[in-house]
Amino acid sequence: MHTKTIKELSTLLQTKKISAAELATLFLDRIGQSDLNAFLHVDRELTLQQAAQADLRIANGDVTPLTGIPIAHKDLFVTRGWRTTAGSKMLENYVSPFDATVVEQFNAAGTVTLGKLNCDEFAMGSGNENSYFGAVKNPWDKRAVPGGSSGGSAAAIAARLAPAATGTDTGGSIRQPSALCGVTGIKPTYGSVSRYGMIAFASSLDQGGPIAKTAEDCGLLLNAMSGFDQRDSTSIERPKEDFTRSLNDSIKGLRIGVPKEFFGAGLAADVEQAVRTALAEYEKLGATLVDISLPKTELSIPVYYVIAPAEASSNLSRFDGVRYGHRAADYKDLADMYQKTRAEGFGDEVKRRILVGAYVLSHGYYDAYYLQAQKIRRLIAQDFQNALTGPDRKCDVIMGPVSPTVAWDLGDKTDDPVANYLADIFTLSTSLAGLPGMSIPCGFGQGEKNGQRPVGLQIIGSYYDEARLLNVAHQYQQVTDWHLRAPD
Ligand code: GLN
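What this report covers is the structure whose coordinates are included nearby. (Residues numbered from 1 in each chain as written. Predicted model: local features only at pLDDT ≥ 70, side-chain atom pairs only at ≥ 80, totals over all residues. Heavy atoms only, no water.)

## Section: the overall build of the protein
Phase 1: Looking only at helices and strands, one finds 15 helices and 11 strands in the protein.
Phase 2: Relative to its 488 residues, the protein shows a buried fraction of 61%.
Phase 3: Within the protein, counting contacts between residues at least 6 apart in sequence, those at least 24 apart form 76% of the total.
Phase 4: When the 49 basic and 55 acidic side-chain charges of the protein are each reduced to a single mean position, those positions are 2 Å apart. (Helix = DSSP H or I, 4+ residues; strand = E, 2+ residues; numbered from the N terminus. Buried < 20%, exposed > 50% of the residue type's maximum accessible area, 1.4 Å probe, protein only. Contact = heavy atoms within 4.5 Å. Lys, Arg positive; Asp, Glu negative; His and termini not counted. Charge placed at Lys NZ, Arg CZ, Asp CG, Glu CD.)

## Some remarks on the site of the ligand
Phase 1: Residues in contact with the ligand amount to 15 residues; listed here are only the nearest, Thr-170, Gly-171, Ser-173, Tyr-304 and Arg-353.
Phase 2: Note that a nitrogen atom of the ligand is positioned 2.8 Å from one of the backbone N or O atoms of Ala-123.
Phase 3: In isolation the ligand has 290 Å² of accessible area, and contact with the protein removes 99% of it.
Phase 4: Classifying every residue of the shell around the ligand by side-chain character gives 5 nonpolar, 7 polar and 3 charged. (Near = heavy atom within 4 Å. Polar contact = N/O pair within 3.5 Å; in protein donor to acceptor, adjacent residues only side chain to side chain. Areas by Shrake-Rupley, 256 points an atom, 1.4 Å probe, with all protein chains shown as cover. Nonpolar A, V, L, I, M, F, W, Y, C, P; charged D, E, K, R; others polar.)

## With respect to the packing of aromatic side chains
Phase 1: Applying the stated rule across the entire model yields 17 aromatic pairs.
Phase 2: Taking the centre distance of 6.4 Å and the plane angle of 85° together, the rings of Phe-319 and Phe-346 count as edge-to-face. Taken together, the residues Phe-319 in the loop between helix H9 (300-315) and helix H10 (334-345) and Phe-346 in the loop between H10 and helix H11 (348-361) connect sequence positions 27 residues apart.
Phase 3: Residue Phe-319 is classed as buried on the basis of its relative accessible area, which comes to 5%.
Phase 4: With 5.9 Å between their ring centres and 65° between their planes, Phe-444 and Trp-482 make a pair best called edge-to-face. In this pair, Phe-444 sits in strand S10 (residues 437-446) while Trp-482 sits in the segment after helix H15 (466-479), placing the two residues 38 residues apart along the sequence.
Phase 5: Judged by relative accessible area, which is 18%, Phe-444 ranks as buried. (Phe/Tyr/Trp six-rings, centres within 6.5 Å; stacked < 30°, edge-to-face > 60°.)

## Here we look at the pattern of salt bridges
Phase 1: Under the defined criterion, the tally for this structure stands at 24 salt bridges.
Phase 2: Counted as one network, the salt bridges with shared partners bring together Asp-141, Arg-143, Asp-409 and Arg-453. (Salt bridge = Lys/Arg side-chain N within 4 Å of Asp/Glu carboxyl O.)

## A closer look at the side chain of Asn-223
Phase 1: You can see Asn-223 is positioned in helix H7 (residues 215-225).
Phase 2: Look at Asn-223 and you get buried, because its relative accessible area is 19%.
Phase 3: Beyond its immediate stretch of four places on either side in the chain, Asn-223 contacts Lys-240, Glu-241, Asp-242, Phe-243 and Thr-244.

## Examining a nonpolar patch on the surface
Phase 1: There is a patch of nonpolar side chains on the surface, built from Val-322, Leu-334 and Tyr-338 and spanning about 260 Å² of accessible area.
Phase 2: The residue Leu-334 is located in helix H10 in this model. (Patch = residues over 30% accessible without salt bridge, like charges linked within 9 Å, V, L, I, M, F, W, Y side chains within 5 Å.)

## Some details on the nonpolar core
Phase 1: Within the largest apolar cluster, 136 residues are counted, with the highest numbers of intra-cluster contacts made by Phe-122, Tyr-282 and Ile-459.
Phase 2: Of all the elements, H9 adds the most residues to this core, at 9 residues. (Core = buried A, V, L, I, M, F, W, Y, C linked by side-chain atoms within 4.5 Å.)

## Focus on unusual backbone geometry
Phase 1: Note the cis peptide between Gly-148 and Ser-149, where omega equals 10°.
Phase 2: Inspection of the secondary structure puts Ser-149 in the loop between strand S3 (112-117) and helix H5 (151-158).
Phase 3: In this model, Asn-128 sits at a positive phi of 60°, which is unusual for a non-glycine residue.
Phase 4: For Asn-128, the position within the fold is in the loop between S3 and H5.
Phase 5: With relative accessibility at 0%, the residue Asn-128 sits in the buried group.
Phase 6: Phi at Arg-160 takes a positive value of approximately 60°, unusual for a residue other than glycine.
Phase 7: Within the fold, Arg-160 resides in the loop between H5 and strand S4 (164-169).

## Focus on the environment of Val-402
Phase 1: Mapped onto the fold, Val-402 is located in the loop between strand S9 (397-401) and helix H13 (417-422).
Phase 2: Residue classification places Val-402 among the buried residues on the basis of a relative accessible area of 0%.
Phase 3: Here the alpha-carbon distance between Val-402 and Asn-93, two residues 309 residues apart in the chain, equals 34 Å.
Phase 4: With residues near it in sequence (within four places) discarded, Val-402 still touches Arg-175, Gln-176, Ala-179, Phe-426, Thr-427, Ser-439, Gly-456, Leu-457 and Gln-458.

## Section: helix H8 (residues 269-284)
Phase 1: With 16 residues, H8 extends 23 Å from end C-alpha to end C-alpha; this agrees with the ideal 22 Å at 1.5 Å per step.
Phase 2: Along H8, the positions that sit buried rather than exposed are Val-271, Ala-274, Val-275, Ala-278, Leu-279, Glu-281 and Tyr-282. Seen along its axis, H8 keeps its buried residues to an arc of 155°; they face one direction. In H8, those exposed residues whose orientation departs by more than 90 degrees from the buried face are Ala-269, Gln-273 and Lys-284.
Phase 3: Turning to H8, the residues buried within the fold contact strand S7 (255-259), strand S8 (288-292), S9, S10, strand S11 (452-460) and H15. (Expected span 1.5 Å × (residues − 1). Arc of directions from axis to C-beta.)

## Section: the packing of H7 against H15
Phase 1: Orientation of H7 relative to H15, taken along the N-to-C sense of each, is 155°, at an axis distance of 8 Å. Between H7 and H15, the crossing angle belongs to the class labelled roughly antiparallel. Judged by residue contacts, Ala-215, Glu-216, Cys-218, Gly-219 and Leu-222 of H7 engage Glu-466, Leu-470, Ala-473, His-474 and Gln-477 from H15.
Phase 2: The residue inventory of the contact of H7 with H15, partitioned by class, reads 5 nonpolar, 3 polar and 2 charged. (Axes fitted to C-alpha atoms, helices over the stretch in contact; angles between N-to-C directions. Parallel < 35°, antiparallel > 145°, perpendicular 65-115°, else oblique.)

No statement about biological role is implied by the geometric values presented.
Okay, here's the thing in structure tokens:
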């Protein structure tokens with residue numbers, strides 16, 4: 001049962017072959033036996049209450065395709081009832097008085113919450129090793145990182161601890177852990193999914209999205225998750241759409257842009273091989289490969305690591321020990337309380353980003369760093385525009401690797417923040433441009449100690465082209481079985 005897709009489970013639930021309560025119990029038991037550290041908070045009673053409500057809805061015929069489907073939320077989405085920590089000591093015991101819009105939408109669709117998923121502290125990281133609550137292990141090889149920052153989400157799907165999970169992607173945090181754990185995830189166009197109640201890291205980049213086993217499942221989840229929200233000032237006012245509408249369309253004639261900057265030095269041979277094999281599979285499906293160039297790709301690392309910390313330093317100023325979260329026990333006066341609270345509550349990576357962010361925004365440096373970064377951000381977006389839009393566009397979608405290597409060993413990059421940053425080279429530009437991007441499993445490479453570790457294929461599209469991305473991914477998943485493979 002735990003290996004089934006959301007689509008399959010939905011049919012079983014609605015034909016009453018299994019109840020929502022039975023399904024939730026099955027996954028709760030699997031979570032209880034797991035040693036991956038993927039979950040931060042599970043509450044059996046709350047979950048079973050939701051399952052009972054879902055069963056009632058099914059009995060009354062009041063169903064959506066997600067009614068009774070168990071789901072787990074990245075601990076960046078605030079949830080009533082379950083703790084929301086953002087992977088930080090700062091929010092260790094925080095329980096939100098309201099649900100994030102995303103959570104509210106899933107609840108309205110009738111999903112059953114299994115609990116909250118581990119992540120890098122305030123979503124800052126690429127290996128899930130920056131969580132105050134400890135690293136998550138990669139289910140394919142427990143010596144490896146699961147990727148980050150949505151490491152708990154991707155690991156939970158890969159280990160079949162949940163059929164559906166939410167994630168957030170600021171610079172790759174849905175796509176990269178999906179790649180490293182061999183699951184499917186999509187970051188939609190910026191503004192498609194409400195950020196209300198999603199703890200802010202870098203507001204101009206943060207975007208929620210689903211992680212699941214298949215592109216079809218991601219489409220079903222995105223249908224519930226996306227939509228205009230007036231409580232989010234950057235939410236896009238567009239009518240709701242069905243992201244599964246073109247899953248079965250043929251992709252004959254599809255033009256796939258292959259950026260040369262995604263295949264240069266630094267790309268591991270095993271990853272390149274799996275990605276090239278996937279591209280060849282697409283040619284068999286009738287697509288053509290077009291060489292393109294995204295010349296500013298390299299600059300996405302310095303640009304992102306100026307803009308994201310700048311926004312983070314501003315967003316995280318709210319954690320001061322006054323209104324919520326951790327507060328230092330002993331202090332002399334207000335300033336001392338702020339200092340001690342923040343010194344104790346934040347981990348090293350978060351402090352590093354607050355320092356960098358405050359620096360690049362400060363008088364005298366703003367023009368030299370922050371403003372420059374914003375200008376180059378525009379040029380990065382222009383690279384994609386040239387390839388994907390307008391009458392002279394060269395391709396319909398862009399493909400390449402998600403991560404330059406397969407999952408690395410736990411501990412290997414913990415002393416070297418820059419090594420972590422460099423691993424984001426292929427995901428950051430999409431985020432800076434606000435474009436939709438996804439990762440689908442396309443093979444395996446060799447881990448440093450010879451374990452089999454998954455490789456992800458990245459598919460990038462133009463604004464609002466999620467339905468096409470899912471179609472392109474789904475067609476590949478009809479002729480390959482990487483997405484169905486699970487660790488032992
Ligand atoms: N790895 C990137 C970072 O550390 C992206 C994280 C994310 O997308 N949340 O900032």
